[in-house]
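Now for the letters of each chain:
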Amino acid sequence: MRLDQRKLKSLNTRLKKQKTGLEKAVNKFMKLTFACEADAQEALKRFLKEQQNDFYPLSSKCLYYFTKKGPPGSEKRRRAPVKSATAH
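Residues numbered from 1 in each chain as written. Predicted model: local features only at pLDDT ≥ 70, side-chain atom pairs only at ≥ 80, totals over all residues. Heavy atoms only, no water.

**Side note on the overall build of the protein chain**
Here comes step 1: The secondary structure content of the protein chain amounts to 3 helices and 0 strands.
Here comes step 2: Put simply, the protein chain runs from its N terminus to its C terminus through helices and strands in the order α-α-α.
Here comes step 3: By residue count, 11% of the 88 residues in the protein chain fall in the buried class.
Here comes step 4: When the accessible surface of the protein chain is totalled, it reaches about 9,000 Å², and 55% of it is carbon and sulfur. (Helix = DSSP H or I, 4+ residues; strand = E, 2+ residues; numbered from the N terminus. Buried < 20%, exposed > 50% of the residue type's maximum accessible area, 1.4 Å probe, protein only. Areas by Shrake-Rupley, 256 points an atom, 1.4 Å probe, with all protein chains shown as cover.)

Shown next as structure tokens:
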């Protein structure tokens, strides 16, 4: 019976490690941005295939939104300058 307890504990620790690794991978993937919806769909399919496992099944939905990207450096020009007051 003691051997069974060791195996159970070992299995639990491996599952916890697998879960934390999967959570890290999902969080990292969620931070990615893609040029178009087709690229996002393809990357999502690839990610799900790589992270496939029997204990933690993943489901997904591809959400997309469009942003207008200006020329490099335009972000600085659009921001209002910050006025600072100094006391002597």
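Now that the structure is up, let's keep going.
**Re the packing of aromatic side chains**
Here comes step 1: Taken as a whole, this structure holds 2 aromatic pairs when the rule is applied.
Here comes step 2: On the basis of an interplanar angle of 50 degrees and a centroid distance of 6.1 Å, the ring pair of Phe29 and Phe34 is categorised as tilted.
Here comes step 3: Looking at Phe29, the relative accessible area reads 17%, which means it is buried.
Here comes step 4: When the centroid spacing of 4.6 Å and the interplanar angle of 15 degrees are considered together, the rings of Phe29 and Phe47 count as stacked. In this pair, Phe29 sits in helix 1 (residues 2–30) while Phe47 sits in helix 2 (residues 37–50), placing the two residues 18 residues apart along the sequence. For the pair shown, Phe29 and Phe47 are each scored as buried. (Phe/Tyr/Trp six-rings, centres within 6.5 Å; stacked < 30°, edge-to-face > 60°.)

**Structural notes on the nonpolar core**
Here comes step 1: Counting residues in hydrophobic clusters, the biggest one holds 5 residues: Ala25, Phe29, Ala43, Leu44 and Phe47.
Here comes step 2: Going through the elements one at a time, helix 1 and helix 2 are the ones with two or more residues in this core.
Here comes step 3: Among the elements that take part in this core, helix 2 stands out by supplying 3 residues, more than any other. (Core = buried A, V, L, I, M, F, W, Y, C linked by side-chain atoms within 4.5 Å.)

**Description of the environment of Asn53**
Here comes step 1: For Asn53, the position within the fold is in the loop between helix 2 and helix 3 (74–78).
Here comes step 2: Between the C-alpha atoms of Asn53 and Leu22, which are 31 residues apart in sequence, the distance is 9.8 Å.
Here comes step 3: Apart from the residues within four sequence positions on either side, Asn53 is in contact with Gln18 and Leu22.
Here comes step 4: A polar atom in the side chain of Asn53 sits 3.4 Å from the backbone oxygen of Gln51.
Here comes step 5: Reaching out from Asn53, the side chain makes a polar contact with the backbone nitrogen of Phe55 at a distance of 3.2 Å. (Contact = heavy atoms within 4.5 Å. Polar contact = N/O pair within 3.5 Å; in protein donor to acceptor, adjacent residues only side chain to side chain.)

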